[in-house]
Amino acid sequence: MKTCHWEITSRCNLSCLHCIYGETANTEMSHGLSRKAIERLDELGCELLCITGGEPLMHPDLCVLIKKAYALGISTAIITNGTLLDLEFIHNAGAFLSGICISIDGLGLEHDRIRGDGCFDLVVNAIEHVRTLNHISLSASITVTALNIATIANTLRWLISQGFSKIHINDLNLSGNAFKHKDVLRLAWNDQMQEVLFAVVENETGTKPIEASDRCSVSKENICLSSDGQVYLCSELMVSRLAP
């Protein structure tokens, strides 16, 4: 087993329109169980730990657990909404991280419409904080919906101009808040639309820094650990437990 995606908490400081959780109960493992989980991952040969949420920075022991993984030789990255990613966190945990992925769904008010007022400005600040760490791989995650598809090409160009090394394009999972707001979010996502987005970025930049999440990740080399301690073969199966 090489990679673990750990949903370290279901708690979050935001309530995004497309959030898969919505009003589900807040769950996370105790500090002791979390430390044991990292030790067990090390025993299984885990090389990469990708910490997600919820919002991972809501977890009170996040920095301690990142340092624990680092001490065991496990490369660790986090996926965050960026609003809590301040200089204090960078100073405490930045040296022990290999990557940070920030969720960005548009520019300015478009991002705020989906995630909440003022969120985009906080993300811009977070990007500046991450740039103080030369060793960090900075990537972005975009969830494509009917609210941002019209301007997503501009968002992609801006991310590339900001030095993001990788961009993940995700489709919508209809659970939690996303199910509640499905009438304004749902989009007839298809391969042709994906190809158009890819072509726009390639024509503008001459590069292909984009990954799409349409490939099955079930493998003996990957596992997903949910906030309540359950183990799944892939993230889609983990998310499916939240479906209405």
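As shown above, the structure is provided for reference.
Reading guide: rules and limits
- Residues numbered from 1 in each chain as written.
- Predicted model: local features only at pLDDT ≥ 70, side-chain atom pairs only at ≥ 80, totals over all residues.
- Heavy atoms only, no water.
- Core = buried A, V, L, I, M, F, W, Y, C linked by side-chain atoms within 4.5 Å.
- Buried < 20%, exposed > 50% of the residue type's maximum accessible area, 1.4 Å probe, protein only.
- Contact = heavy atoms within 4.5 Å.
- Helix = DSSP H or I, 4+ residues; strand = E, 2+ residues; numbered from the N terminus.
- Pairing = 2+ DSSP bridges.
- Expected span 1.5 Å × (residues − 1).
- Arc of directions from axis to C-beta.

K.L.:
Explain the nonpolar core residue by residue, including any values.
P.N.:
If you look at the biggest cluster of nonpolar residues, it comprises 46 residues, and the most contacted ones within it are W6, F89 and I100. Ignoring anything within four residues of it in the chain, the contact list for W6 reads M29, S34, I38, L49, C50, I51, T52, L65, L225 and S226.

K.L.:
Account for the pairing of strand 1 (residues 3-7), naming residues and giving values.
P.N.:
Most of strand 1 sits out of view: four of its five residues are buried. Direction of pairing for strand 1 relative to strand 2 (residues 48-52): parallel, over a ladder of five bridges. In the strand pairing of strand 2, C4 is matched with L49. The pairing of strand 1 with strand 8 (residues 222-225) spans four bridges and is classified as parallel. In the sheet register, W6 faces strand 8, and the bridge partner there is L225.

K.L.:
Which residues make up helix 5 (residues 119-130), and what are the values?
P.N.:
Here helix 5 contains twelve residues, and its C-alpha end-to-end distance of 16 Å stays within 8% of the 16 Å for a straight helix at 1.5 Å per residue. The set of residues buried in helix 5 consists of C119, F120, V123, A126, I127, H129 and V130. Each buried residue of helix 5 lies within a common arc of 165° when the element is viewed along its axis, so the set occupies one face. Those residues of helix 5 that are buried are in contact with helix 3 (87-93), strand 4 (99-103), helix 4 (109-115), strand 5 (137-143) and helix 6 (152-161).

K.L.:
Kindly report on unusual backbone geometry, identifying the contributing residues and their values.
P.N.:
Of the consecutive residues G53 and G54, the connecting peptide bond is found in the cis state with omega at 20°. The residue G54 is located in the loop between strand 2 and helix 2 (62-71) in this model.

Bear in mind that shape data such as this cannot, by itself, settle questions of function.
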